[in-house]
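Fold and geometry: a report
Single-letter residue listing:
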Amino acid sequence: MPDVFDKCRTWHAYETVVTAGVYPYYRTLTDRTDATTVQIEGRQVLMAGSNDYLGLSTDPRVIAAATTAAHRFGTSCSGSRLLNGTLTLHEELEARLAAFLHREAAIVATTGYQTNLAIAALLGRDDVVFADRRNHASLVDAIRLGHAKHRRYRHNDMAHLKELLSTADPAAGRLIVTDGVFSMDGDLCDLPGIVELAQQHHARVMVDSAHDIGLLGVRGSGAAEHFRLEEQVDLVMATLSKCFGSLGGVLAGPAEVINYVRHRSRSILFSAAMPPANAAAALAALDIIRTEPERRHRTLDLAEALHNGLRALGFDTGRSVSPVVPVHIGDDMTCLRFWTELFAEGIFTNAVMPPAVPDGQAVIRASLSAQHTDSHLARTLDAFAAVGRRLDVIPPIPPSTYQ
Ligand code: PMP
């Protein structure tokens, strides 16, 4: 008789990688000093693979806010926002995030993933959603959960988006959904192109600013502000688990839309509310993001230096404009070896494999935070150079030194 567990017995991908000694996932942090330094399985390593882009998760002010909230409200909301789980902290956070994002209203959910799932409530049978092929998995899942038709356009390809919009049912409601900064490549969406097409084809626009809130734009409110297109974007989603050093997500937009989502989204209705400590941490982080712009400038400067340094060594780093620096390796096994050797050199990065990226396009994803020093940057580059040469990913002599 077939057994639902059969697939687990016949799945050997994990075993193969563990046997080869190159398994990079679920590595255990035994201690954490700050955004730059962690102990993994007893070894101290430089953290170059975290989304704590501003280094706020260990900021004393953020920790103090979280601790005070835990003492005041306990460690859990013990229920959903709808029933018993709405705190003054959530309401304050929503009001302040709505103001920061220049929106009428906002709702926070327990994770960024759930925040994106919440948009499923907006995707009815008579609607069509147009999504960039490289959008984050949580947006893909939100669309699967909704009832709208799903049209995927090639990454940042406005001609393709135009074609899909032109051939869609004229009676359908339309939503274009894109990451602001794409999570694997660190590149920006073509928001001016998207907004122009949205206006021509009566579509609404939603931007997932998970990787750009706190970083891009004059005030640091993300991609829409960066492009000066805040008015033309209808919905902004962002996570609080990256620049905010906390956990949770926010969806901001017109008051009637947010009120509808608040009452109709299953990922919000049927899950416990964001814990008090996380809401308070996000509020404290928002103050810091608003008042200490030098942090985001440092993060972006370091990212640019990392990007340029890697490119000078001969690596292909794509078109990143964010702290997400992808180093294109290609073959899965080479990527896993690369990760393992970097780890042996004392540098922790992320190995990103299919299905997070297309087949044959595995990348090492590196990110430094505002707390990293120039010497951390130099150590990271030295390790990449040594491993890249050893594994023949880059030439023995940097191309920049050729005459
Ligand atoms: N959107 C994007 C673009 C992301 O990169 C992520 C997280 N990697 C999420 C949403 C989900 O956010 P969270 O981790 O807070 O659930």
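Predicted model only: the values in this text are computed from it and were never measured. (Residues numbered from 1 in each chain as written. Predicted model: local features only at pLDDT ≥ 70, side-chain atom pairs only at ≥ 80, totals over all residues.)

**Thoughts on the pairing of strand E1 (residues 29-32)**
As paired elements, E1 and strand E2 (residues 37-40) share three bridges and run antiparallel to each other. Opposite Asp31, over in E2, you have Gln39 as the bridge partner. With antiparallel pairing between neighbouring strands as the criterion, E1 and E2 make up a hairpin whose turn holds four residues. (Pairing = 2+ DSSP bridges. Helix = DSSP H or I, 4+ residues; strand = E, 2+ residues; numbered from the N terminus.)

**Details of the domain arrangement of the chain**
Along its sequence, the chain is carved into domain 1 (16-47 + 292-401) and domain 2 (60-291). Distance between the C-alpha centres of domain 1 and domain 2: 28 Å. Each side of the interface is counted separately: domain 1 has 18 residues, and domain 2 has 14 residues. Counting only elements with at least two residues in the side of domain 1 that touches domain 2, the list comes to helix H13 (293-313), strand E11 (325-330) and strand E14 (362-366). Per element, the largest residue contribution to the side of domain 1 that touches domain 2 is four residues, and it comes from H13. (Domains from an automatic or database assignment. Contact = placed C-beta atoms within 7 Å.)

**Topic: the nonpolar core**
Counting 129 residues, the largest nonpolar core has Ala106, Leu251 and Ala280 as its most contacted members. When residues of this core are assigned to their parent elements, the largest contribution, 10 residues, is made by helix H12 (residues 276-291). Filtering out sequence-adjacent residues up to four positions away, Ala106 remains in contact with Glu94, Leu97, Ala98, Leu101, Val250, Leu251, Ala252 and Ile258. (Core = buried A, V, L, I, M, F, W, Y, C linked by C-beta atoms within 7 Å. Buried ≥ 20, exposed ≤ 12 C-beta atoms within 10 Å, placed from the backbone.)

**A few points about the pairing of strand E9 (residues 235-239)**
The buried count for E9 comes to five of five residues, which makes it a mostly enclosed element. Residue alternation in E9 divides its side chains into two sets, Leu235, Met237 and Thr239 and Val236 and Ala238, and both sets are buried. One ladder, built from three bridges, connects strand E8 (residues 204-208) with E9; its direction is parallel. Paired with Met206 across the two strands is Leu235, which belongs to E9. As paired elements, E9 and strand E10 (residues 249-253) share four bridges and run antiparallel to each other. The residue of E10 that forms the bridge with Ala238 is Val250.

**A look at the sheet that holds E1**
Spatial strand order, E1-E2-E3-E12: four strands in an open sheet with mixed pairing. Since the sheet does not close on itself, it has two edges, and those belong to E1 and strand E12 (347-348), each with one partner. Pairing analysis gives two bridges linking strand E3 (residues 43-47) to E12, with the strands arranged parallel. Opposite Leu46, over in E12, you have Ile347 as the bridge partner.

**Section: the sheet that holds strand E6 (residues 149-153)**
The pairing of strands in a sheet happens through backbone hydrogen bonds and is either parallel or antiparallel. Here seven strands make up an open sheet; going across it, the order is E4-E10-E9-E8-E7-E5-E6 and the pairing mixed. Of all the strands in the sheet, the pair left with one neighbour each is strand E4 (105-109) and E6. When the angles between neighbouring strand axes are averaged without regard to direction, this sheet yields 20°. Across five bridges, the pairing between strand E5 (residues 127-132) and E6 is parallel. Note that in E6 the partner of Asp132 across the bridge is Tyr153. In this fold helix H4 (residues 88-100) packs onto E4 and E10, with an angle of close to 130° to the strand it touches most, E4. Lying on the sheet, helix H7 (residues 158-166) is in contact with E5, E6 and strand E7 (173-179); it crosses E6 at an angle near 155°. (Axes fitted to C-alpha atoms, helices over the stretch in contact; angles between N-to-C directions.)

**With respect to the site of the ligand**
The environment of the ligand is made up of 14 residues, and the closest members are Gly112, His136, Ser183, Ala210 and Thr239. Of all the elements, helix H5 (residues 112-117) adds the most residues to the shell around the ligand, at three residues. Here the residues of the shell around the ligand are counted per class, giving two nonpolar, 10 polar and two charged. (Near = placed C-beta within 6 Å. Nonpolar A, V, L, I, M, F, W, Y, C, P; charged D, E, K, R; others polar.)

**Overview of the UniProt feature "domain: Aminotransferase class I/classII large" (unreviewed entry) in the chain**
Mapped onto this structure's residue numbering, the UniProt feature "domain: Aminotransferase class I/classII large" (unreviewed entry) falls at residues 49-383. Between the first and last C-alpha atoms of residues 49-383 the distance is 14 Å; the span itself is 41% helix and 16% strand. (UniProt positions renumbered as here; feature names shortened; annotations may be inferred.)

**Focus on the environment of Asp234**
Mapped onto the elements of the fold, Asp234 is located in the loop between helix H9 (223-226) and E9. With 19 C-beta atoms packed within 10 Å, Asp234 lands in the partly exposed category. On a C-alpha basis, the gap between Asp234 and Asp132 in space is 17 Å, while along the polypeptide they are 102 residues apart. Ignoring sequence-local partners within four residues, the contact set of Asp234 consists of Arg204, Val205, Met206 and Gly253.

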